[in-house]
Amino acid sequence: MKNSIKWNLGHIYVVQEKFAFQLSGKEVQMPSNFKTLFDPGTQPSNWDLKPPALLALIELLTAQMLRIESTLSNNLKEAVEPSYKSSTGLSFTTVEQLLGFSLYHEAMHFATIKNIGKLIANLRAH
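Residues numbered from 1 in each chain as written. Predicted model: local features only at pLDDT ≥ 70, side-chain atom pairs only at ≥ 80, totals over all residues. Heavy atoms only, no water.

Draft legend 1. Layout of the nonpolar core. Grouped together as the largest cluster of nonpolar side chains are 14 residues, with contacts concentrated most on Phe19, Ala20, Ile68, Leu72, Tyr84, Leu98 and Leu99. Mapped onto this core, the elements with two or more residues apiece are α1 (5-22), α3 (54-72), β1 (79-85) and α4 (95-125). Ignoring sequence-local partners within four residues, the contact set of alanine 20 consists of Ile68, Leu72 and Leu99. Counting 12 residues, the second-largest nonpolar core is a separate cluster that includes Trp7, Leu9, Phe38 and Leu57. (Core = buried A, V, L, I, M, F, W, Y, C linked by side-chain atoms within 4.5 Å. Buried < 20%, exposed > 50% of the residue type's maximum accessible area, 1.4 Å probe, protein only. Helix = DSSP H or I, 4+ residues; strand = E, 2+ residues; numbered from the N terminus. Contact = heavy atoms within 4.5 Å.)

Below, the structure is given as structure tokens:
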């Protein structure tokens, strides 16, 4: 696998900031090096920066979840201007649609994290 558990967690954070905050016109909170480390198309083998610790990523994701809830829970039907078209051609016109797609994206990467964990566990067992 070309990406690590840390990369997948950081990537989830970056994409979630885009879908939850940037595209809905809200304040984005992102460490300055995250786009370089975790944007789509990046991978750990190309890093020339030290990534954050696993615990730091988990803390950021937890805080992000709370910010999404407190900032957007009353704005789900709010229109996104301009609408956003994904790389797969899907169009999103509301905050609710953006968050729904973001959950799908997060689940894909979480499945990858689980698979990496299983591979590591199997290697340690043998």
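Draft legend 2. Representation of unusual backbone geometry in the model. Between glutamate 81 and proline 82 the backbone carries a cis peptide bond, its omega angle lying at -5°. Tracing the chain through its elements places proline 82 in strand β1.

Draft legend 3. Just the environment of alanine 53, in detail. With respect to the secondary-structure elements, alanine 53 resides in the loop between α2 (34-38) and α3. Taking relative accessible area as the criterion, alanine 53 reaches 45% and is therefore assigned partly exposed. With 11 residues separating them in the primary sequence, alanine 53 and threonine 42 have C-alpha atoms 18 Å apart.

Draft legend 4. Representation of a nonpolar patch on the surface within the structure. A grouping of Leu54, Leu55 and Ile58 is seen on the molecular surface, where their side chains present a nonpolar patch of about 270 Å² in accessible area. In this fold, isoleucine 58 is placed in helix α3. (Patch = residues over 30% accessible without salt bridge, like charges linked within 9 Å, V, L, I, M, F, W, Y side chains within 5 Å. Areas by Shrake-Rupley, 256 points an atom, 1.4 Å probe, with all protein chains shown as cover. Salt bridge = Lys/Arg side-chain N within 4 Å of Asp/Glu carboxyl O.)

Draft legend 5. Seen up close, the pattern of salt bridges. Evaluation of the coordinates by the stated rule reveals 4 salt bridges. A salt bridge links lysine 35 to aspartate 39; the nearest nitrogen and oxygen atoms lie 3.7 Å apart.

Draft legend 6. Here's a closer look at the packing of α1 against α4. As a packed pair, α1 and α4 sit with axes 9 Å apart at the nearest point and diverge in direction by 175°. When the axis of α1 is compared with that of α4, the two are roughly antiparallel. Tallied by class, the residues present in the contact of α1 with α4 amount to 14 nonpolar, 8 polar and 1 charged. (Axes fitted to C-alpha atoms, helices over the stretch in contact; angles between N-to-C directions. Parallel < 35°, antiparallel > 145°, perpendicular 65-115°, else oblique. Nonpolar A, V, L, I, M, F, W, Y, C, P; charged D, E, K, R; others polar.)

In short, shape yes, function no, at least from these values alone.
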